[in-house]
Structure formats: C-alpha cells, structure tokens
Amino acid sequence: MPNPRLTGLGGGLFCGATMFALACLDQLLFGASLVVYGVLFLPVCTLTALWVRRGDLVTAPIIVPIAFAFGLLPVADGGGGMGGELMGLVTALATQAGWLYGGTLVAGVITTVRKVRLMRRRAAQRRAAQAARPDIQPRRRPA
C-alpha cells in the first residue's frame, strides 16, 4: 500500500478531485446514482484520513464534507439554469446526509486514533529520553 503524506491542501485537492471524477464515472455508468456516489465516498474519506500528514490531521474531517458537496455537482438532479442546479445540489445534500455524516465520522475517527497514537509515541519518547539522562531531574511545579 502506498504511503503518501498529503498536506492539508493536497488532501483537499485529492479528495475533491477524486470525488468529482467518481461522480462523473457514476453518471456515465450508473445514471447518476446517489447511492453509488455515497458508497464510493466512504473509501475516499478513509484514504484521505490515512494519507494526510501528521501535522495536518485536523484538516481531514473538514475536507471531506467539502469534497462531497463538490463531487455532487455532476450527479445532482438539477433543472434548467443556475437556480435549478443549485436546488438540485441542495436537495442531493439533504437526501444524502447519511453518507456525508458517515464519511465525516470515518475521517474523524481515523484522524483521532492517529493523533492519540502520535501523542502516546511522543510521551514515550520523552520518558525514554529522561530515563537515559538521569542527571536531569524533571521539573516540579510549585504547589
């Protein structure tokens, strides 16, 4: 499995471009099925949360809902004109909110687990560094 490390912007571009491409593919193959679009959204959320850099972990749960809305543009059932397209997009967002919340939850859980593991690893490194240097006493806070 590749191990890319995307910045916050790179993660947003990856997620948005992938969702837009998958929506276009969904429209060609399945006639703009919103269920297929929602199912395809979940692995994209997972990959985005796994591939974002450690320093940009907070961006993944923010990126995925924006990418979901951007990707809906080709599959949203809009009427004629700008108003019809906007109404189709709003309707699709309202009816597919379960997929949106699910994908955001997946990204949030993965990034939270990654952040907790990172914090534990750093704490263990600090403890190991202090144990290796017994001449340095840990600072004590005044009571």
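This text goes with the structure placed above it.
Rules behind the numbers
Residues numbered from 1 in each chain as written. Predicted model: local features only at pLDDT ≥ 70, side-chain atom pairs only at ≥ 80, totals over all residues. Heavy atoms only, no water. Helix = DSSP H or I, 4+ residues; strand = E, 2+ residues; numbered from the N terminus. Rg over C-alpha atoms; globule rule 2.2 N^0.38 Å. Buried < 20%, exposed > 50% of the residue type's maximum accessible area, 1.4 Å probe, protein only. Contact = heavy atoms within 4.5 Å. Areas by Shrake-Rupley, 256 points an atom, 1.4 Å probe, with all protein chains shown as cover. Lys, Arg positive; Asp, Glu negative; His and termini not counted. Charge placed at Lys NZ, Arg CZ, Asp CG, Glu CD. Core = buried A, V, L, I, M, F, W, Y, C linked by side-chain atoms within 4.5 Å. Expected span 1.5 Å × (residues − 1). Disulfide = S-S within 2.5 Å. Patch = residues over 30% accessible without salt bridge, like charges linked within 9 Å, V, L, I, M, F, W, Y side chains within 5 Å. Salt bridge = Lys/Arg side-chain N within 4 Å of Asp/Glu carboxyl O.

A. Region of interest: the overall build of the protein. Along the backbone of the protein there are five helices and zero strands. Along its sequence from the N terminus, the protein presents helices and strands in the succession α-α-α-α-α. For 143 residues, the compact-globule estimate of 2.2 N^0.38 gives 15 Å, and the protein exceeds it by more than 25% at 21 Å. In terms of principal-axis extent, the alpha carbons of the protein reach across some 75 × 40 × 20 Å. For the protein, with 143 residues in total, the buried portion stands at 31%. Long-range contacts, defined as pairs at least 24 residues apart, comprise 77% of the intrachain contacts of the protein with a sequence gap of at least 6. Accessible surface computed for the protein: about 9100 Å², of which carbon and sulfur atoms make up 67%. Charge-centre separation for the protein: the mean point of 15 positive side chains lies 26 Å from the mean point of 5 negative side chains.

B. Looking closely at the nonpolar core. Counting residues in hydrophobic clusters, the biggest one holds 24 residues, and the most contacted among them are Cys15, Met19, Tyr37, Phe41, Val64, Phe68 and Leu72. Sorting the residues of this core by element identifies helix H1 (8-30), helix H2 (34-51), helix H3 (60-71), helix H4 (81-95) and helix H5 (97-132) as the ones contributing at least two each. Ignoring any residue separated from it by four or fewer positions in sequence, one finds Val64 in contact with Cys15, Phe41, Cys45, Thr48, Gly103, Thr104 and Ala107.

C. Representation of H5 in the model. If you check H5, its first and last C-alpha atoms are 52 Å apart, about what 36 residues at 1.5 Å a residue would give, namely 52 Å. Looking at H5, one finds that the buried residues are Ala97, Leu100, Gly103, Ala107, Gly108, Ile110, Thr111, Arg114, Leu118 and Ala123. On the buried face of H5, the contacting elements are H2, H3 and H4.

D. Seen up close, the state of the cysteines. Counting across every chain of the model gives zero disulfides. The thiol of Cys24 is not disulfide-bonded; the next cysteine sulfur, from Cys15, is found 15 Å away. When its relative accessible area of 28% is taken as the criterion, Cys24 is described as partly exposed. There is no disulfide at Cys45, and the cysteine sulfur nearest it, in Cys15, is 5.6 Å away.

E. Region of the structure containing a positive patch on the surface. A grouping of Arg5, Arg54, Lys115, Arg117, Arg121, Arg122, Arg126 and Arg127 is seen on the molecular surface, where their side chains present a positively charged patch. Assignment of secondary structure puts Lys115 in helix H5.

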